[in-house]
Each structure stands twice: as structure tokens, then as C-alpha cells.
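Take a look at the letters that make up each chain.
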Amino acid sequence: MSAGKVGILICYAVLALLAVTQSDSGLGVWSLRILILLAVVHLVEVVVFFKLCQRAGGSLGVHLLNVFLFGVFHANELKAASGEG
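This text gives an overview of the structure that appears in the document. (Residues numbered from 1 in each chain as written. Predicted model: local features only at pLDDT ≥ 70, side-chain atom pairs only at ≥ 80, totals over all residues. Heavy atoms only, no water.)

1. Describing the pattern of salt bridges
Consideration 1: Tallying each qualifying case throughout the model produces 1 salt bridge.
Consideration 2: Close ionic contact of Glu 77 with Lys 5 constitutes a salt bridge, the shortest N to O distance being 2.8 Å. Taken as a pair, Glu 77 in helix α5 (residues 72–82) and Lys 5 in helix α1 (residues 3–21) lie far apart in primary sequence, 72 residues in all.
Consideration 3: Overall, Glu 77 belongs to the partly exposed group, its relative accessible area being 34%.
Consideration 4: For Lys 5, a relative accessible area of 7% corresponds to the buried category. (Salt bridge = Lys/Arg side-chain N within 4 Å of Asp/Glu carboxyl O. Helix = DSSP H or I, 4+ residues; strand = E, 2+ residues; numbered from the N terminus. Buried < 20%, exposed > 50% of the residue type's maximum accessible area, 1.4 Å probe, protein only.)

Structure, rendered in C-alpha cells:
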């Protein structure tokens, strides 16, 4: 797993922890809002990169999940692996 993906997972964990433990404060509310916004953005990325995931081979579901979690980081890895640049 690339360093960028690990960093994203750490950011998700911190945001989720803040949203759960600080839910009655402004910090917790904003953390939850950011997580929801990221989920919407990544859903759009799943639609945008769907054909790339189909062409990549392997499990389509796993590729789509990775695009949902990591967005362009995973899409760039797929492009590099297929030689699309």
C-alpha cells in the first residue's frame, strides 16, 4: 500500500474519531461534515473511473471499493499499471 493511501486512511480514522468522541462540539460536527463530503466526492469518482476499473482486470468490486476509499490515488495506480500514463 502506498504512502498516500496510508495517509488517507489515517485522515479518515482521525476524522471518524473526532466525529464520534466530540460529537457535541463544533470540531466533531465539522469532522462529520467533512467525512460526508468526502463520501459524496468519492462516489462521483467511482462513477467517473468505472470504465477504468473494468479495463483493469481482476475484481471489479475491489477496484471500485479502492476508488471509493482512495480516489485518484488508486485510479492513478490503475492507469500506471495499464500503461495509460
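Additional details are given in the paragraphs that follow.
2. As for the packing of aromatic side chains
Consideration 1: Counting across every chain of the model gives 0 aromatic pairs.
Consideration 2: A cation over a ring is seen here: Arg 33 above Trp 30, with NZ or CZ 4.8 Å from the ring centre. (Phe/Tyr/Trp six-rings, centres within 6.5 Å; stacked < 30°, edge-to-face > 60°. Lys NZ or Arg CZ within 6 Å of the ring centre and 35° of its normal.)

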